[in-house]
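Spelled out from the first residue to the last, the chains are:
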Amino acid sequence: MNKKKPVTPFGWAIKRRLTELQMDQKTFCELHDIPPYRLSNLIHGTRKATRFRNQVADILQIPDDLR
């Protein structure tokens, strides 16, 4: 049984934008001092992490309707 939560629409927006920038999650986290587990939380919706959510959305220019 898979206990992992599915990727949220915001998570898909993150993944899509990172792909456009040709950057992996680890590199993105290192460049912007974001803990990798927080980015994973945002992608899967396991925690709200508002501070990092806003930071990631601003850096990746994700539209407000997906935040």
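Residues numbered from 1 in each chain as written. Predicted model: local features only at pLDDT ≥ 70, side-chain atom pairs only at ≥ 80, totals over all residues. Heavy atoms only, no water.

Participant: I would appreciate a short explanation of the nonpolar core in the present structure.
Facilitator: Side chains of a nonpolar character, in soluble globular proteins, are inclined to be buried together. Counting residues in each nonpolar core, the largest one holds 16 residues, and the members touching the most others are Ile14, Phe28, Leu39, Leu42, Val56, Leu60 and Ile62. In this structure, Leu42 is in contact with Thr8, Phe10, Gly11, Ile14, Arg47, Lys48, Ala49, Phe52, Arg53 and Val56, ignoring residues within four places of it in sequence. (Core = buried A, V, L, I, M, F, W, Y, C linked by side-chain atoms within 4.5 Å. Buried < 20%, exposed > 50% of the residue type's maximum accessible area, 1.4 Å probe, protein only. Contact = heavy atoms within 4.5 Å.)

Participant: Just checking my understanding: could you explain the side chain of Arg38 for this structure?
Facilitator: Topologically, Arg38 is positioned in helix H3 (residues 36-44). Nearest to the buried, unbridged Arg38 among oppositely charged side chains is Asp33, at 14 Å. Here the side chain of Arg38 touches Asn41 through a polar contact of 3.0 Å, side chain to side chain. Not counting chain neighbours up to four residues away, the residues in contact with Arg38 comprise Arg47, Ala49 and Phe52. (Helix = DSSP H or I, 4+ residues; strand = E, 2+ residues; numbered from the N terminus. Lys, Arg positive; Asp, Glu negative; His and termini not counted. Salt bridge = Lys/Arg side-chain N within 4 Å of Asp/Glu carboxyl O. Polar contact = N/O pair within 3.5 Å; in protein donor to acceptor, adjacent residues only side chain to side chain.)

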